[in-house]
Amino acid sequence: MPVRVLIADDHSVVRQGLRMFLKLDPELEVVGEASNGAEAIQMARALTPDVVLMDLLMPGTDGIAATQRIRAEVPKTEVLALTSVLEDASVVGAVQAGAVGYLLKDTQAEQLCKAIKAAAKGQVQLAPEAAARLVREVRAPDSPESLTGRETDVLRALATGLTNREIGRSLNIGERTVKTHVSHLLSKLGLQSRTQAALYAVRIGLVPESELSDKS
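Report on the accompanying structure.

What counts, and at which threshold
Along each chain, residues carry numbers from 1 onward, in the same order as the chain's sequence is written. This being a predicted model, a pLDDT of at least 70 is required before a residue's local features are given, and a value of 80 or more before pairs of side-chain atoms are given or counted; all residues contribute to the totals for chains, interfaces and linings. The basis for every side-chain value is the complete set of non-hydrogen atoms in the structure, without hydrogens or water. A cavity, in this analysis, means grid points on a 1 Å lattice covering only the protein atoms where a 1.4 Å probe fits yet has no way out; a pocket is instead an open set bounded by protein on both sides within 12 Å along at least five of seven lines, and a residue lines either one if it has an atom within 4 Å of a point. Grid points are joined across faces, edges and corners, and a volume is the space filled by probe spheres set on the points. Only DSSP runs of H or I covering at least 4 residues are called helices, and only runs of E covering at least 2 are called strands; the numbering of each starts at the N terminus. Only protein chains enter the accessibility calculation, which uses a 1.4 Å probe; a residue whose area is less than 20% of its type maximum is buried, one above 50% is exposed, and one in between is partly exposed. Look down the strands so they point away from you; if going from the first strand over the helix to the second traces a clockwise path, that crossover is right-handed. Note on pairing: two strands pair once DSSP finds at least 2 bridges between them. We call two residues in contact when some of their heavy atoms are within 4.5 Å. Axis lines are fitted through C-alpha atoms, for helices just across the contact stretch, and the angle between N-to-C directions can take any value from 0 to 180 degrees. For salt bridges, the criterion is a side-chain nitrogen of Lys or Arg within 4 Å of an Asp or Glu carboxyl oxygen.

## Describing empty space enclosed by the protein
For step 1, the next point in the chain: If you walk through the whole model with that rule in mind, you get one cavity of 30 Å³ or more.
For step 2, the next point in the chain: Taken together, Ile7, Ala8, Asp9, Leu18, Leu53, Met54, Asp55 and Leu82 form the lining of the largest cavity.
For step 3, the next point in the chain: Put simply, the parts of the chain that give the lining of the largest cavity at least two residues each are β1 (3-8) and β3 (51-54).

## A closer look at the pairing of β1
Regular strands place their side chains on alternate faces of the sheet.
For step 1, the next point in the chain: The element β1 is largely enclosed, with a buried count of five among its six residues.
For step 2, the next point in the chain: A crossover links β1 with its parallel partner strand β2 (residues 28-34), the connecting element being helix α1 (residues 12-22), and its sense is right-handed.
For step 3, the next point in the chain: As defined by bridge partners, β1 adjoins β3 across four bridges and the pair is classed as parallel. Pairing of Leu6 across the sheet is with Val52, part of β3.

## Comments concerning the pairing of strand β4 (residues 78-83)
For step 1, the next point in the chain: Among the six residues of β4, six are classified as buried, and the element is accordingly described as predominantly covered.
For step 2, the next point in the chain: A two-sided burial pattern is seen for β4, the buried positions comprising Glu78, Leu80 and Leu82 on one face and Val79, Ala81 and Thr83 on the other.
For step 3, the next point in the chain: Sheet topology places β3 next to β4; four bridges connect them, and they run parallel. Its bridge partner being in β4, Leu53 is matched across the sheet by Leu80.
For step 4, the next point in the chain: Both β4 and strand β5 (residues 101-104) contribute to a ladder of four bridges, which runs parallel. Residue Ala81 lies in a different strand from β5, and its bridge partner there is Tyr102.

## Observations regarding helix α10 (residues 194-203)
For step 1, the next point in the chain: Most of α10 sits out of view: nine of its 10 residues are buried.
For step 2, the next point in the chain: By the burial criterion, the buried members of α10 are Arg194, Thr195, Gln196, Ala197, Ala198, Leu199, Tyr200, Ala201 and Val202.
For step 3, the next point in the chain: Of the residues flanking the end of α10, it is Gly205, one or two places downstream, whose phi is positive at about 85 degrees.

## Structural notes on the sheet that holds β2
For step 1, the next point in the chain: The six strands are arranged β2-β1-β3-β4-β5-β6 in an open sheet whose pairing can be described as parallel. Looking along the sheet, the strands with just one partner apiece sit at the ends: β2 and β6 (125-126).
For step 2, the next point in the chain: Here helix α3 (residues 63-73) sits on the sheet in contact with β3 and β4, set at roughly 170 degrees to β3.

## Some points on the pattern of salt bridges
Should their charged atoms come close, side chains of opposite charge can pair.
For step 1, the next point in the chain: Tallying each qualifying case throughout the model produces 13 salt bridges.
For step 2, the next point in the chain: For Arg71, the salt bridge is made with Glu78, and the minimal N-O distance between the two is 3.8 Å.
For step 3, the next point in the chain: Here Glu175 ties to Arg165 by a salt bridge, and the two come within 3.7 Å at their closest N and O atoms. With Glu175 in helix α9 (residues 175-189) and Arg165 in helix α8 (residues 164-171), this pair connects stretches of sequence that are 10 residues apart.
For step 4, the next point in the chain: Taken together, the salt bridges that share partners define one network made up of Asp9, Asp55 and Lys105.

What follows is the structure, encoded as structure tokens:
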């Protein structure tokens, strides 16, 4: 089954361009286009796409607010920010809202297609510039609960971009067990998403920052 993609951007030319080259990849299917955040929320509810390509600067409901609503109301849909904006507030805001990644609009078409497929699996996708800003901004909890050895292993693997299935294979445990470990470590660290967990892993030195940048 192809990855089902919803494009959200207020510029029709951008939407048309994205649709044209995404259609060239048989593993991707554009199921809809939204011209603002409110439309993106409505269409995500109706279509439940695998990934929403979300512009951040849109009239009315912006991309960050739309991301937060979609992640809350359609949790199986991942949101991948695709924007020309590289400001700390926008980068941090998108990730805090639940975006699985943050890419710039100068990303090459082949890289974008690859990133969409990875995002559909819940893999973190960050432009190197965004990763650097996020690592500076992420804050460790004041008094985090200690992670078990296995939870630390899962955190390390998660931060390198592995899916739950891939983590399970590498650690010789079931995918359901991996999901349980991820849920526990997020709760212990007071984090909301896999992306935040990956950034936390970089911040504490568990994995190098290049492990995030290399995934985009």
